[in-house]
Amino acid sequence: MSTPEQILVRNFEISYRLCAKIGLNALDRNYRPNWRTVYPGTVNVLALVQLLYFLWTERADLMQFLLILPHLMVTALGFHKFILCTVRSSEIFALRCKLTEIQALLMETTSNGPVICRTLNISRLLQKLIFVFYLAAVVLTSLVPIVLWLVIGKKSFMFLFFVPGLDQYSTEGFLVNTILHAIILLAAFCAYTGYECLFLGLIMPVGAYVDAFGNEVQELNSALNLKERNDPAIRARLNRIMKLHQLLNEYEAMLEELYNVLILSVIGLNYLGIISTIVVILKSNDRMAYIFFALMFEMLFRICLMGTIITVKNEQLVGHLYNIEWYQLAPDQARDLRFMLHKAQNPTSVTIGKYALLNLAGYMSVLKSIYSYVMVLVTVLE
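Residues numbered from 1 in each chain as written. Predicted model: local features only at pLDDT ≥ 70, side-chain atom pairs only at ≥ 80, totals over all residues. Heavy atoms only, no water.

Draft legend 1. The pattern of salt bridges, seen in detail. For the coordinates displayed, the defined rule picks out 14 salt bridges. Notably, a salt bridge pairs R240 with E216, separated by 3.3 Å at the nearest N-O pair. Residue R240 is located in helix α8 (residues 231-283), and its partner E216 is located in helix α7 (residues 171-224); the two are separated by 24 residues in the primary sequence. For R240, a relative accessible area of 13% corresponds to the buried category. (Salt bridge = Lys/Arg side-chain N within 4 Å of Asp/Glu carboxyl O. Helix = DSSP H or I, 4+ residues; strand = E, 2+ residues; numbered from the N terminus. Buried < 20%, exposed > 50% of the residue type's maximum accessible area, 1.4 Å probe, protein only.)

Structure follows, in structure tokens:
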């Protein structure tokens, strides 16, 4: 049976392997951009340049503009992930180290093991689902044009990326552009899947550790209710709870510092992308729009769900502190508990650029706004 330490390592396994293949492995202690990093960076920049050119040339045609916009939004999201992993890799690695520190302290209490393993196993399962989801999107995008060509002889693409100066409808042009799309999709799959699994890997342990924190409180209460009190053991347990509370606060503060502004840009890009994909689906039935919609909708939902997890777990953390039987503590120990409760009154939460809490309520507000703008654009295009 796997230990909690092994499960924590596996929690980052998919992200570690995929990001390492394209030189974006921020989980590596000695990470530096290398020759592999040139691959996703070059693909991203060239794709952005070509899409911006297409937008400029089609700016007079609203429908064509909206057809191109989802490609730009998804590519911009990829560029966002590239910048995060290269420029802020030290912060990502610091978060990974903080998780190890918190778990090492929690594992001093043996009964915390099953509690931690349960949530980390859920995180691992969700990452596998994300892996399959993105792999399916890549396979569909790659194979549909080839199947159409082989079955009915129709040369068409789902991507808008092309080799300049080459007739895309000739056999040679079709094959060359198909190879180009495969190169782009390989980089995109590793970057997107690796980053999304990394995000889950950094958020889900918070749930595991708050649950284990509750177990620590139960152990303290049990020690307080023994007929023969062991004051040194009670003090040791309370000190560990204080240390855990401090480490959890530090970890969430690091998460907020890393993600609050970045999440604002991610939600903004997904917001524009989802609006444009829905309009394109309704008006032109473009095949790629369905895939883009699924990808961006998943990103938006997952980000807001993770924000909700942080908010709920912060509330549970405060509840665990209130569950401590303070009236059985010595006066100096009760003072320590009051200090923790005071700090817990203003918990750190992942926010959308510090403008709003990242939770399901914000998610519903974004969906309502998307619906309103889609209706306006559909009316304009009629």
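Draft legend 2. Focus on helix α5 (residues 89-106). The first and last C-alpha atoms of α5 sit 26 Å apart over 18 residues, in line with the 26 Å expected at 1.5 Å per residue. Inspection of α5 places S89, I92, F93, L95, R96, K98, L99, I102, Q103, L105 and L106 among the buried residues, and these make up the whole buried set. (Expected span 1.5 Å × (residues − 1).)

Draft legend 3. Region of the structure containing the packing of aromatic side chains. Tallying each qualifying case throughout the model produces 12 aromatic pairs. With 5.3 Å between their ring centres and 70 degrees between their planes, F131 and F189 make a pair best called edge-to-face. In this pair, F131 sits in helix α6 (residues 112-152) while F189 sits in helix α7, placing the two residues 58 residues apart along the sequence. Members of the aromatic cluster, each reached through a chain of ring pairs, are W149, F157, F162 and F174. Residue placement shows R59 over the ring face of W56; its charged tip is 3.8 Å from the ring centre. (Phe/Tyr/Trp six-rings, centres within 6.5 Å; stacked < 30°, edge-to-face > 60°. Lys NZ or Arg CZ within 6 Å of the ring centre and 35° of its normal.)

Draft legend 4. Summary view of the UniProt feature "transmembrane region" (unreviewed entry) in the protein. With numbering aligned to this structure, UniProt lists the feature "transmembrane region" (unreviewed entry) at residues 37-56, 63-83, 129-152, 173-195, 258-282, 289-312 and 360-381. Spanning residues 129-152, this segment combines 100% helix with 0% strand, and its end C-alpha atoms are found 33 Å apart. Split by type, residues 360-381 is 100% helix and 0% strand. Its first and last C-alpha atoms lie 31 Å apart. (UniProt positions renumbered as here; feature names shortened; annotations may be inferred.)

Draft legend 5. View of a nonpolar patch on the surface. Side chains of L135, V139, L143, V147, L150, V151 and I152 sit close together on the surface and give an oily, nonpolar patch of about 650 Å² of accessible area. Within the secondary structure, L150 sits in helix α6. (Patch = residues over 30% accessible without salt bridge, like charges linked within 9 Å, V, L, I, M, F, W, Y side chains within 5 Å. Areas by Shrake-Rupley, 256 points an atom, 1.4 Å probe, with all protein chains shown as cover.)

Draft legend 6. Structural context of the nonpolar core. The biggest cluster of nonpolar side chains holds 124 residues, and the ones touching the most others in it are L202, Y209, L255 and Y259. Broken down by element, this core gets its largest block of residues, 25 residues, from α7. With near-sequence residues (within four places) excluded, Y209 lies in contact with L8, L99, I102, Q103, L106, I116 and L248. (Core = buried A, V, L, I, M, F, W, Y, C linked by side-chain atoms within 4.5 Å. Contact = heavy atoms within 4.5 Å.)

Draft legend 7. The arrangement of the confidence of the model for the protein in detail. For the protein, the mean per-residue pLDDT works out to 86, and 97% of the residues sit at or above 70. Ranking the elements of the protein by mean pLDDT puts helix α10 (residues 331-344) last, at 81, and helix α2 (residues 13-21) first, at 92. (pLDDT = per-residue confidence, 0-100.)

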